Amino acid sequence: MKHIMIDCAALSDRAALHKVMALELEFPEWYGGNLDALYDCLTDLDMHVVLTLRGLDAHGEYGRAFRETVEDAARENPLLTTEFV
């Protein structure tokens, strides 16, 4: 099991948010850095991951859409557990 905590409030913009997610979760090279690609990669995870996202609200409307995408993926993939603080 892998535990990942990302301080989203410390990231400057959505590109940085996607870059850190890709690095921490070891997404494939084809990862496009958008919400559709995020959903695809999270639902394809084949290891148990506990993902904690801190301060996602700092990204406003995009942060809410990002959270919704992560929550949708977690409902689809039982190996993904999410926490939002």
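For the structure, see preceding data.
Residues numbered from 1 in each chain as written. Predicted model: local features only at pLDDT ≥ 70, side-chain atom pairs only at ≥ 80, totals over all residues. Heavy atoms only, no water.

Here we look at the overall build of the protein
Then, number 1: Of the regular secondary structure elements, the protein holds three helices and three strands.
Then, number 2: Secondary structure of the protein in N-to-C order comes out as β-α-α-β-α-β.
Then, number 3: Taken over C-alpha atoms, the radius of gyration comes to 11 Å for the protein, in line with the 12 Å a tight globule of 85 residues would show.
Then, number 4: Seen through its C-alpha atoms, the protein measures out along the principal axes to roughly 30 × 25 × 20 Å.
Then, number 5: Relative to its full complement of 85 residues, the protein shows a buried share of 39%.
Then, number 6: Look at the contacts in the protein between residues 6 or more apart in sequence, and 66% of them connect residues 24 or more apart. (Helix = DSSP H or I, 4+ residues; strand = E, 2+ residues; numbered from the N terminus. Rg over C-alpha atoms; globule rule 2.2 N^0.38 Å. Buried < 20%, exposed > 50% of the residue type's maximum accessible area, 1.4 Å probe, protein only. Contact = heavy atoms within 4.5 Å.)

A look at the pairing of strand S2 (residues 49-54)
Then, number 1: Within S2, five of the six residues are buried, which leaves the element mostly enclosed by the surrounding structure.
Then, number 2: Sheet analysis places strand S1 (residues 2-7) next to S2, joined by six bridges and oriented parallel. Paired with Ile-6 across the two strands is Leu-53, which belongs to S2.
Then, number 3: Strand direction decides the pairing type here: S2 and strand S3 (residues 80-84), joined by five bridges, are parallel. When the bridges of S3 are listed, Leu-53 appears paired with Phe-84.
Then, number 4: In this region the chain leaves S2, passes through helix H3 (residues 60-76) and returns to the parallel neighbour S3; the handedness of that crossover is right-handed. (Pairing = 2+ DSSP bridges. Right-handed = clockwise from strand over helix to strand, strands pointing away.)

What about the side chain of Asn-77?
Then, number 1: As for its position among the elements, Asn-77 is in the loop between H3 and S3.
Then, number 2: Within the structure, Asn-77 has its side chain in polar contact with the backbone oxygen of Leu-45 (distance 3.1 Å). (Polar contact = N/O pair within 3.5 Å; in protein donor to acceptor, adjacent residues only side chain to side chain.)

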